[in-house]
Amino acid sequence: VCNLVVNLSLGLGNTLPEDITCLAADRMLIFASYDNILHAFARNKEVVHTYEGHKAKIHLLQPFGDHVISVDVDNVLIVWNIQSEEYLQIDFDKATFAVSALLHPSTYLNKILLGSEQGTLQLWNIRSNKLLHSFPGWGSAVTTLEQAPAVDVIAVGLVSGHIIVHNIKYDETLMKFQQDWGPITAISFRTDGHPVMAAGSPVGHIALWDLEEKKLMCQMQDAHSTAIAGMTFVPGEPLLITNGADNALRVWIFDGPGGTGRVLRSRMGHSAPPTRIRYHGQDGKQILSAGQDGTLQSFSTVHEKFNKSLGRGSINKKKSKKKGLKLDTMALPPITSFASEVAHQSDWDGIVACHQGYITCTTWNYQKTSMGAHKLKPEEFSKHKPVDIYATAVDITSCGNFCVIGMSTGQVDVYNMQSGIHRGRYGKETAHEGAIRGVAVDGLNQLVITAGSEGLIKIWKFKMKDLVYSTELPSSPSGILLHRDSGILGIAFDDFTISVLDIETRKIVRTFSGHHGRINDMTFSPDGRWLITSSMDCSIKTWDLPSGCLIDCFLVDSAAVSLTMSPTGDFLASAHVDDLGIYLWSNRSLYSLVSLRPLPADYEPSLVTLPSTCPMQDMDVSGDEEPCDEMIEYVSPEQLGEQLVTLSLLPESRWKNLLNLDIIKKKNKPKEPPKVPKSAPFFIPTLPGLIPRFIPPEEEDDTQSKVVNLGVLAQKSDFYIHLEEALSTNEYKAPLDLLKSLGPSNIELELRGLAPEGGGSVEVMLSFLRMIGVMLNKKYNFELAQAYLALFLKLHIKILSLEPKLLEELSKLSVQLEETWIHLRALFNQSLCVLTYMKSALL
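Residues numbered from 1 in each chain as written. Predicted model: local features only at pLDDT ≥ 70, side-chain atom pairs only at ≥ 80, totals over all residues. Heavy atoms only, no water.

## Remarks on the overall build of the protein chain
Alright, step 1. The secondary structure content of the protein chain amounts to 11 helices and 53 strands.
Alright, step 2. Taken over the C-alpha trace, the protein chain has a radius of gyration of 41 Å; the compact-globule value for 843 residues is 28 Å, which it surpasses by more than 25%.
Alright, step 3. Seen through its C-alpha atoms, the protein chain measures out along the principal axes to roughly 125 × 105 × 65 Å.
Alright, step 4. Of the contacts made within the protein chain by residues no fewer than 6 positions apart, 43% connect residues no fewer than 24 positions apart.
Alright, step 5. Total accessible area on the protein chain stands at roughly 45,200 Å², and carbon and sulfur atoms take up 54% of it.
Alright, step 6. Once the 77 positive and 94 negative side-chain charges of the protein chain are each reduced to a mean point, those two points are 9 Å apart. (Helix = DSSP H or I, 4+ residues; strand = E, 2+ residues; numbered from the N terminus. Rg over C-alpha atoms; globule rule 2.2 N^0.38 Å. Contact = heavy atoms within 4.5 Å. Areas by Shrake-Rupley, 256 points an atom, 1.4 Å probe, with all protein chains shown as cover. Lys, Arg positive; Asp, Glu negative; His and termini not counted. Charge placed at Lys NZ, Arg CZ, Asp CG, Glu CD.)

Following this line, the structure appears as structure tokens:
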């Protein structure tokens, strides 16, 4: 509950290594203790101070100006300076004064009031370290102390159930109240003008006392299902905040007649560990959770304000409301398995659940957040309740109209979700000889798969109830899970192995082994490629179905009892043994490069800390760790294989239109050259005279030579130089890379400059043809070789026909081109034949 209070504040604090045992706050800092260590948080985020000095667990905290006071279970009181310095330490004798409550009375400078298990009170001055006064008490242990709105007046809660309103200045009791629910666990006063005092009890009730009339004003019964751990009125507001051991935090508003309060806001989780979790719907935002406390709740992965509690199952809801939570004998046992579907959930119940050791299955309505209208059980057991017969497995159809329920006797029944009417049974009497370990319905309502403890998997027609297929398994199954989209069935066995059955071919396609404990749960990834399993050996493993290998494995502190993966594939949710929380694991493959290579046979999984609301800031990452499995970025070679034809990564605009550049230039040529406007001066000069006239603009000097210096254009380009060097080295990587970096117009310009009339030579043209030959021989940049060669032939066809060296090189290129195309044509024809056969044979 202390964790919950911190998480609902304006920010999230750093995670502490152990459970928080005590919590307090002032206007600047939040103090939280675990075991014998006290931390101070600044702005709810950073640990700014650590106080170490206690040798036992801290159980009381009190901020005190520039100090904080802590008391441990060994009866040692330490006053700390905020700057982590120990200011004062007082040791009390447990036999005579065991500190059980701590309070700083308002306006009492440097003074604290201590309550004891012996019933006496002591007023201390911590500045002078002196005992100022001792109060004799009322013969019962003090459980809580609370400052009243009036100065010098405090409220004392006792183990006997008495509440004493006492004036400590005159040592005079002003009024006395008594509750019949046991010790007083918390006290708070309203400060909005109403003289009301609220007191908590160990049974979860809250009593409201009228201080003017000195009588009980009203009761708020079952405010919490467990003891009230703390309560406080918001200053100046009719709001009461309470929390309890039931993992709930509630805000009550007092705006109704009679002075009683109603719930304004609440945040709550399971009061006992969850037993089953499943994502609800296809958006991946809600998780349904069934706990050992018998409740069914919905938790949002977006924000806590969308959480819902569907309540606790009951045989008779009207009788349960009359008796209350404590005396409710009509409550159903915890849910062991459930199935949900969003289709038609606004029309009728969309959730069906079976309970521990109970024959009746219940329906639940997600929209109404309550238990549904139907209780489903076989007709032959409607009049009497057998002891040894109970429901073991449930599933609901994708349309939301029917549910299938398996029993411990081997019976499998179908019910209508809208009316609750029994719609049939599979098999003559029973579907299996042993207990049903799992049921599943395919996505089209055509087949029902059942698994029995005798070691058989059976497939039935959903509508006709006829047996279609039956196979014997190597071991007794402990559970099954169907991925409806792909039609693959995961089967967990009692011998800790897992098999995957294809319901279309009726064959076992994969078998996995590696767990060393009972398999608790399984879940598929949305695309059906991964199967994630959890076991009592505290491991969570991810199996890749296409490769049939283990690709991920890690250990947790406590075994995961249930797993579920979101329909969007971004989160994996897990519930663990003796843990109230549901933990979300992020799928790293969605946002980073993760290796999916099979793990080696001798792989030792590492222990992973369970996710928390914020990362640990001071984790020591320098120790022995498993190497990160994030994949190093793969750089593809230029050629994957000698027989493969590799294309370049250049866009088509860089090579496809090289032959049509003249047409493109004609289309883009403007009809007339652009005219540059003559710049006019800011002040236009005029000629002298009576008539104002402007000075005519000066005519341009046509005598200046417009001949371009050809010496600049005669310089050799880098591409030309690289081709010349390649004649001796036979390395064409440099000129090819340079040509690939140019645009279409520059490529044409470079190829034109290879001819003798453009400043080139026959040897450089020969070097270019050899570069094309190397590209064809190595079969890389294949489309560039074709485009560059076509443009080269178009530009220099006359020169090529006159030079014998060039003609000889062209003949070699022609042979290379023909051989390459024959090879490509054979590959294309082979692929087309295989594709045509698959279309005609399989479709």
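Don't stop here, the text continues.
## Details of the nonpolar core
Alright, step 1. Grouped together as the largest cluster of nonpolar side chains are 40 residues, with contacts concentrated most on Leu754, Phe768, Met771, Ile772 and Tyr788.
Alright, step 2. Ranked by residue count, the leading element in this core is helix H8 (residues 762-778), at 10 residues.
Alright, step 3. Sequence-distant contacts of Phe768, that is, excluding residues within four places in its chain, are made with Phe719, Leu723, Leu739, Leu751, Leu754, Tyr788 and Phe792.
Alright, step 4. Residues Val352, Ile359, Leu376 and Ile389 belong to the second largest nonpolar core, which totals 17 residues. (Core = buried A, V, L, I, M, F, W, Y, C linked by side-chain atoms within 4.5 Å. Buried < 20%, exposed > 50% of the residue type's maximum accessible area, 1.4 Å probe, protein only.)

## Some words on the packing of helix H7 (residues 744-752) against helix H9 (residues 782-795)
Alright, step 1. Two numbers describe how H7 lies on H9: the axes approach to 10 Å, and their chain directions differ by 50°. Between H7 and H9, the interaxial angle falls into the category oblique. The interaxial crossing formed by H7 with H9 has right-handed handedness. Side by side, H7 and H9 meet where Ile747, Glu748, Leu751 and Arg752 of the first sit next to Tyr788, Leu791, Phe792 and Leu795 of the second.
Alright, step 2. Partitioning the contact of H7 with H9 into residue classes produces 6 nonpolar, no polar and 2 charged. (Axes fitted to C-alpha atoms, helices over the stretch in contact; angles between N-to-C directions. Parallel < 35°, antiparallel > 145°, perpendicular 65-115°, else oblique. Left-handed = near helix turned anticlockwise from the far one by under 90°. Nonpolar A, V, L, I, M, F, W, Y, C, P; charged D, E, K, R; others polar.)

## Examining the sheet that holds strand S29 (residues 335-340)
Alright, step 1. Strands sit in the order S29-S30-S31-S32 across an open sheet of 4 strands; the sheet is antiparallel. Bordering the open sheet on either side are S29 and strand S32 (370-376), each of which pairs with just one other strand. Mean inter-strand twist for the sheet, computed between neighbouring axes without regard to direction, equals 30°.
Alright, step 2. The pairing of S29 with strand S30 (residues 351-355) spans 5 bridges and is antiparallel. (Pairing = 2+ DSSP bridges.)

## Quick notes on the confidence of the model for the protein chain
Alright, step 1. When pLDDT is averaged along the protein chain, the result is 86; 90% of the residues meet or exceed 70.
Alright, step 2. pLDDT under 50 marks residues 1-11. Its contacts with residues more than four places away, or in other chains, come to 25 contacts.
Alright, step 3. Segment residues 708-713: pLDDT under 50, and 0 contacts once partners within four positions in sequence are set aside and those in other chains are kept. (pLDDT = per-residue confidence, 0-100.)

## Things to note about helix H6 (residues 733-740)
Alright, step 1. The complete set of buried residues in H6 reads Pro735, Leu736 and Leu739. Taken around the axis of H6, the buried residues stretch over an arc of 100°, which confines them to a single face.
Alright, step 2. Among the structural elements, helix H5 (718-729), H7, H8 and H9 are those in contact with the buried residues of H6. (Arc of directions from axis to C-beta.)

## Here we look at the pairing of strand S46 (residues 530-535)
Alright, step 1. In terms of burial, S46 is largely enclosed, as 6 of its 6 residues are buried.
Alright, step 2. The side-chain alternation of S46 yields two buried faces, one formed by Trp530, Ile532 and Ser534 and the other by Leu531, Thr533 and Ser535.
Alright, step 3. Sheet analysis places strand S45 (residues 519-524) next to S46, joined by 5 bridges and oriented antiparallel. Counted as the bridge partner of Asp521 is Ser534 from S46.
Alright, step 4. The loop that links S45 with its antiparallel partner S46 comprises 5 residues; one of these, Gly528, has a positive phi angle of about 75°.
Alright, step 5. Two strands pair when backbone bridges link them, and S46 and strand S47 (residues 539-544) are joined in this way by 5 bridges, in the antiparallel orientation. Among the inter-strand pairings, Ser534 is bridged to a residue of S47, identified as Ile540.

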